[in-house]
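Tertiary structure, described
Single-letter residue listing:
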Amino acid sequence: MSTRYSRGTDGGNFRVTYVLLRSTAFVLEAKKLIKKQPAMAQNLQKTLEFLSEDPFNAKLRTHKLKGELKDSWSCSAGYDLRIIFSFVEYEQKQAILLESIGTHDEVY
């Protein structure tokens, strides 16, 4: 996996597409979530696409966390569903490590 570059909509500019790295905790929590609520799978996939293309897309409501999670960020993946992530370097490229997913109360 590496950072991908794609041509912008204006045809000339390039933008970075982040690689999404999934932690074991994230994978287990996501599988559990989708098993309980299969309808969330499509919403989660769309959120992950937005996140890889632009982590600060307004639809994600991305914000920096405080306290014990001060090195992490959070984005919205639905009404009461949050993804906790951090920016990391992977193979000398910028990437996003997906740390956790769950309801507001579960992840904070």
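Here goes a summary of the coordinates provided.

What about the packing of aromatic side chains?
Inspection of the entire model under this criterion finds five aromatic pairs. Residues F56 and W73 carry aromatic rings whose centres are separated by 5.3 Å and whose planes lie at 80° to one another, so their mutual orientation is edge-to-face. A residue pair is termed long-range when its members are at least 10 positions apart, and F56 in the loop between α2 (40-53) and β4 (63-64) and W73 in strand β5 (residues 73-78) qualify at 17 residues. Ring plane angle 20° and centroid distance 5.9 Å describe the contact between F56 and F87, whose orientation is recorded as stacked. In this pair, F56 is assigned in the loop between α2 and β4 and F87 in strand β6 (residues 81-90), connecting sequence segments 31 residues apart. Aromatic ring contacts, followed pair by pair, group Y18, F56, W73, F85 and F87 into a single cluster. The ring of F50 has K46 lying over it, and the distance from NZ or CZ to the ring centre is 5.3 Å.

Details of helix α1 (residues 24-36)
Residues spaced three or four apart along an α-helix face the same direction, because each turn holds 3.6 residues. The first and last C-alpha atoms of α1 sit 19 Å apart over 13 residues, in line with the 18 Å expected at 1.5 Å per residue. Taken together, the buried positions of α1 are occupied by F26, A30 and L33. The arc that holds the buried residues of α1, viewed along the axis, is 65°, so those residues lie on one side. Residues T24, L28, K31, K32, K35 and K36 are exposed on α1 and point more than 90 degrees away from its buried face. Of the surrounding elements, those touching the buried residues of α1 are β3 (19-22), α2, β6 and β7 (93-102).

Basis of the calculations
- Residues numbered from 1 in each chain as written.
- Predicted model: local features only at pLDDT ≥ 70, side-chain atom pairs only at ≥ 80, totals over all residues.
- Heavy atoms only, no water.
- Phe/Tyr/Trp six-rings, centres within 6.5 Å; stacked < 30°, edge-to-face > 60°.
- Helix = DSSP H or I, 4+ residues; strand = E, 2+ residues; numbered from the N terminus.
- Lys NZ or Arg CZ within 6 Å of the ring centre and 35° of its normal.
- Expected span 1.5 Å × (residues − 1).
- Buried < 20%, exposed > 50% of the residue type's maximum accessible area, 1.4 Å probe, protein only.
- Arc of directions from axis to C-beta.
- Contact = heavy atoms within 4.5 Å.

In short, shape yes, function no, at least from these values alone.
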